[in-house]
Amino acid sequence: MGHIDIIERSARQFDQVTVLVTHNPNKTGLFSVDERVSLIEQATAHLTNVDVDTWSGLLVDYTTQHGITAMVKGLRSSLDYEYELPMAQMNQHLSKVDTFFLLTDPRYAYISSTLCKEVARYGGDVQGLLPDVVAQAIRAKF
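Residues numbered from 1 in each chain as written. Predicted model: local features only at pLDDT ≥ 70, side-chain atom pairs only at ≥ 80, totals over all residues. Heavy atoms only, no water.

- As recorded in an unreviewed UniProt entry, the chain goes by Phosphopantetheine adenylyltransferase and comes from Corynebacterium durum F0235.
- Regarding the chain, the UniProt comment filed under Cofactor (unreviewed entry) reads as follows: "Mg(2+)".
- Under the Subunit (unreviewed entry) heading, UniProt states for the chain: "Homohexamer." (UniProt positions renumbered as here; feature names shortened; annotations may be inferred.)

### Thoughts on the UniProt feature "binding site: substrate" (unreviewed entry) in the chain
- Per the UniProt record, "binding site: substrate" (unreviewed entry) is annotated on Lys 27, Leu 59 and Lys 73.
- Within the secondary structure, Leu 59 is located in helix H3 (residues 59-65).
- Filtering out sequence-adjacent residues up to four positions away, Leu 59 remains in contact with Leu 20, Met 71 and Asn 91.
- Tracing the backbone shows Lys 73 in strand E3 (residues 70-75). (Helix = DSSP H or I, 4+ residues; strand = E, 2+ residues; numbered from the N terminus. Contact = heavy atoms within 4.5 Å.)

### Structural notes on the pattern of salt bridges
- For the structure on display, the rule yields six salt bridges.
- Of the charged contacts in the structure, one is a salt bridge between Glu 35 and Lys 141, with a shortest N-O distance of 3.2 Å. Of this pair, Glu 35 sits in helix H2 (residues 33-43) while Lys 141 sits in helix H6 (residues 132-141), and the two are 106 residues apart along the sequence.
- Taking the relative accessible area as the measure of exposure, Glu 35 reaches 32% and is therefore partly exposed.
- In this structure, Glu 118 engages Arg 121 in a salt bridge whose closest nitrogen and oxygen atoms are separated by 3.5 Å. (Salt bridge = Lys/Arg side-chain N within 4 Å of Asp/Glu carboxyl O. Buried < 20%, exposed > 50% of the residue type's maximum accessible area, 1.4 Å probe, protein only.)

### Side note on the packing of aromatic side chains
- What the rule picks out here adds up to three aromatic pairs.
- On the basis of an interplanar angle of 65° and a centroid distance of 6.0 Å, the ring pair of Phe 14 and Phe 100 is categorised as edge-to-face. Here Phe 14, found in the loop between helix H1 (2-13) and strand E1 (17-22), pairs with Phe 100, found in strand E4 (residues 98-103); they are 86 residues apart in sequence, far enough to count as distant.
- Taken together, a centroid distance of 5.3 Å and an interplanar angle of 70° make the contact between Trp 55 and Tyr 62 edge-to-face.
- Taking relative accessible area as the criterion, Tyr 62 reaches 4% and is therefore assigned buried. (Phe/Tyr/Trp six-rings, centres within 6.5 Å; stacked < 30°, edge-to-face > 60°.)

### Structural notes on the UniProt feature "site: Transition state stabilizer" (unreviewed entry) in the chain
- In this numbering, the UniProt entry assigns the feature "site: Transition state stabilizer" (unreviewed entry) to His 3.
- When you line up the elements, His 3 lands in helix H1.

### A word on the pairing of E3
- Where E3 meets E4, six bridges bridge the pair, whose relative direction is parallel. Residue pairing in the sheet places Lys 73 in a bridge with Phe 101 of E4.
- Once you follow E3 into helix H4 (residues 78-95) and on to E4, the crossover reads as right-handed. (Pairing = 2+ DSSP bridges. Right-handed = clockwise from strand over helix to strand, strands pointing away.)

So this is what it looks like as structure tokens:
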């Protein structure tokens, strides 16, 4: 729900928002890239200025190729900031793209994909923690 909140708030500030799904070779995700794209498209269908795309290279190469001048990142805590700041600075150095940080709504600050997967894996209720379509998909996986 935190991601949806950040996307909705970004969509109010920018004419067009692209949610970029990337493949991280260091992680084994529960959903494939195609599944994630479909879930995000369904969860953001109410936002007419949001689209979803995929990329497997450097983020700044995507922003350059698509004329994107700003990125938005949601921050739950100072730990997220410490992780995101050097990336934002490197991206700005490489491509002059600016990164805007949005603070997570406190209602969602404790939610993480890791915790949601753990709860779902053991049969716990993830309703309200995830968009309905994602909650259904994660239950189906387990």
